[in-house]
Amino acid sequence: MNIRQLLSDKFQAAMLAAGIPEECGPIVAPAKKAGFGDYQANGAMGAAKRLGTNPRELSSKILEQLDKGDMIEKVEIAGPGFLNIHLSEQWLSQQLLAAQGDKRLNIASVEEPKTVVIDYSHPNLAKEMHVGHLRTTIIGDALARLLEFQGHKVVRQNHMGDWGTQFGMLLAHLSDKLADNAAEVALADLEVFYREAKVRFDEEEGFADRAREYVVKLQGGDEQCLKLWKQFIDISISHCEEIYSKLNVTLKQEDVYAESQYNDDLPVLVKELLDNDIAVEDQGAIVVFLEEMADKEGNPSPMIIQKKGGGYLYATTDLAAIRYRANQLNADRILYVVDARQSLHLQQAFVASRKAGFLPESVSLEHCAFGTMMGDDGKPFKTRTGGTVKLAALLEEAVERAEKLVAEKNPELDAQTCAEIARKVGIGAVKYADLSKTRTNDYIFSWESMLSFEGNTAPYLQYAYTRVRSIFRKAGIEASELKGDINLESPQERALAVKLNQFGEVLDQVAKDTFPHVLCTYLYELASAYMSFYEACPVLKEGVSEEQKHSRLQLCNLVASTIATGLGLLGIEVMEQM
Ligand code: ARG
């Protein structure tokens, strides 16, 4: 259920009936301050300006036409013509009763499911996964889970970088190790392996030439060489998979559709672009000039798709990928969860593929850009010695730190339970810290704040969840045994009910705008509304009537389910105790 949408429809209809043109939207939003209703409709002001009439008068005309149904209790005209909407208490509680005991919390699947391709994680296999891949992996996975929950068909595309000149050096090194029967050992630590190969490339006589030969052989389809490459790629991918599983990310082997898979299409694509005069030869290279992206002087933006020596580029592969996704995967929407620094590259790929007619007009290409993860020195996050932080090491540290905290907080836990909780808290903290920030901004990575039990953090929400669960243990009652109405007499109960009922519209908004922090903010506000409710409204205290207890326990239970579902969509687990 999407309250905002329901209200927008009602107010839009009333405005039309009051003779206001359709372009003047109702502009419905949740009220910002307590005491001004639950929602506001602010469209009357703009409409009055356009029609040259008095906004308060126009507001009362809208109200005359409004069908309040059983949803709206009353509407007040405030200030210059704001409409403050008070939802009906009974309606709110009916909605909650419908959500109670429903696995989907009374959230219907979308009426028109779309096929959404999400390009995320996509590490370069010539290097071990490092902290630079964290944001895309976490954000992409949250979007995938959320869109899937909504009923869309999500196709995950792990566009791994498994091709390119760096592989020459790695294969040359690998073939030597194989000759020494030491390949297995060498590949166990890929980071060391890459470093060794690089040192040899830079320092060892003749090695660089051999590396280049390998590139040529690889691109020429030499069988021996391809076998070696495949061996390397497989091991590299299995290292990534270990990380995905630690990180509780849904990416699987079958989601890998790597750069090399477009190889055969690249010459076809370049020829087609040349034949159709989309691309031209320029100083030996093949280039698409994009007037659509011309600079201030009017020079078109050049996108090279084939180098002078015949080599293809990252951009060429991306054009092939767009064509594949639109036509083979039948995407309605393609989301690129890619670093903001690649924005020019993606813009070029989007514009060029439209120009080339690679995809139906209706397919939406969206760059879900994200900023950089910074250290507390305000520079891109690095190890103390200035190296790149390996993802595996970072996740290990998160769990270790969480383990200390959990053991401190609850010394009675046995070691195994403690370790399991620590895993969920540590990984959850890292993910939530990232997801809760507006993704387009840079953010400072801080262990202290992400692992804090106060504020907008994963541990805070996980803790709120465990508190509700412990109430149920204390009450000795199961959620399924609750019965009766949900009473919303106190302002805290009412405020909590409104929040709970907003879950659906928050999911719709994240699905549309692809900003997961909106869901985090919502969950945090929900947990805070719960804390206020819990302070003001006794649940199990003596003197609380059976009816009251059941009503309040139902609210508690809905809070727990909403937090668990919401965190679940972010890829974060909850636990019964901590
Ligand atoms: N592998 C690339 C990198 O690490 C990111 C790929 C992003 N996706 C894409 N279709 N270009 O920089």
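Residues numbered from 1 in each chain as written. Predicted model: local features only at pLDDT ≥ 70, side-chain atom pairs only at ≥ 80, totals over all residues.

- As named in an unreviewed UniProt entry, the chain is Arginine--tRNA ligase, taken from Microbulbifer variabilis.
- Database annotation for the chain, UniProt heading Subunit (unreviewed entry): "Monomer." (UniProt positions renumbered as here; feature names shortened; annotations may be inferred.)

## Some words on the sheet that holds strand E10 (residues 333–336)
- The four strands are arranged E6-E5-E10-E11 in an open sheet whose pairing can be described as parallel. The sheet is open, and its two borders are formed by strand E6 (153–157) and strand E11 (364–367), each paired with just one other strand. Strand-to-strand twist of the sheet, defined as the mean angle between neighbouring strand axes without regard to direction, takes the value 20°.
- As judged from the five bridges shared by strand E5 (residues 115–119) and E6, these two strands associate in the parallel manner. When the bridges of E6 are listed, Ile118 appears paired with Arg156. (Pairing = 2+ DSSP bridges. Helix = DSSP H or I, 4+ residues; strand = E, 2+ residues; numbered from the N terminus. Axes fitted to C-alpha atoms, helices over the stretch in contact; angles between N-to-C directions.)

## Let's talk about the UniProt feature "domain: Arginyl tRNA synthetase N-terminal" (unreviewed entry) in the chain
- Taken from the UniProt record, the annotation "domain: Arginyl tRNA synthetase N-terminal" (unreviewed entry) applies to residues 1–87.
- Taken end to end, residues 1–87 is 40% helix and 22% strand, and its first and last C-alpha atoms sit 14 Å apart.

## Focus on the domain arrangement of the chain
- The domains assigned to the chain are domain 1 (3–87), domain 2 (115–159 + 260–367), domain 3 (166–253) and domain 4 (391–569).
- Listed as interface residues are 13 residues of domain 2 and, on the opposing side, 15 residues of domain 3.
- In terms of residue count, helix H5 (residues 134–149) provides more of the side of domain 2 that touches domain 3 than any other element does, four residues in total. (Domains from an automatic or database assignment. Contact = placed C-beta atoms within 7 Å.)

## Focus: the pairing of E11
- The side-chain alternation of E11 yields one buried face, formed by Leu365 and His367, and one unburied face, formed by Ser364 and Glu366.
- Bridging between E10 and E11 involves four bridges; their strand directions are parallel. Among the inter-strand pairings, Tyr336 is bridged to a residue of E11, identified as His367.
- You can see the chain leave E10, run along helix H13 (residues 343–355) and come back into E11, and the turn it takes is right-handed. (Buried ≥ 20, exposed ≤ 12 C-beta atoms within 10 Å, placed from the backbone. Right-handed = clockwise from strand over helix to strand, strands pointing away.)

## Describing the sheet that holds strand E3 (residues 72–78)
- Reading across the sheet, the four strands line up as E1-E2-E4-E3 and stay open at both edges, with antiparallel pairing between neighbours. Each end of this open sheet is capped by a strand with a single partner; those strands are strand E1 (28–30) and E3. Taking the axes of each pair of neighbouring strands and ignoring which way they run, one obtains an average angle of 25° across the sheet.
- Bridge analysis of E1 against strand E2 (residues 39–41) gives three bridges, and the strand direction is antiparallel. Following the sheet pairing, Pro30 is matched in E2 by Tyr39.

## Some words on the packing of helix H17 (residues 458–475) against helix H20 (residues 517–536)
- The contact between H17 and H20 brings their axes to 10 Å, and the two run at 45°. Here H17 lies oblique to H20, going by the angle between them. Judged by the twist between their axes, the crossing of H17 over H20 is left-handed. Residue-level inspection shows Tyr460, Leu461 and Ala464 of H17 in contact with H20, the latter providing Leu523, Tyr524, Ala527 and Tyr530. (Parallel < 35°, antiparallel > 145°, perpendicular 65-115°, else oblique. Left-handed = near helix turned anticlockwise from the far one by under 90°.)

## Topic: the packing of helix H11 (residues 265–275) against helix H12 (residues 314–327)
- Contact geometry for H11 and H12: axes closest at 10 Å, N-to-C directions at 90°. Relative to H12, the element H11 lies roughly perpendicular. Facing H11, whose interface residues are Asp265, Leu266, Leu269 and Val270, H12 presents Thr316, Leu319 and Ala320.
- Of the residues assigned to the contact of H11 with H12, the class counts are five nonpolar, one polar and one charged. (Nonpolar A, V, L, I, M, F, W, Y, C, P; charged D, E, K, R; others polar.)

## Describing unusual backbone geometry
- The residue His122 is not glycine, and still its phi comes out positive at about 30°.
- Among the secondary structure elements, His122 is positioned in the loop between E5 and H5.
- Take His122: there are 23 C-beta atoms within 10 Å of it, and that puts it in the buried class.
- In this structure, Asn330 takes a positive phi of about 55° despite not being glycine.

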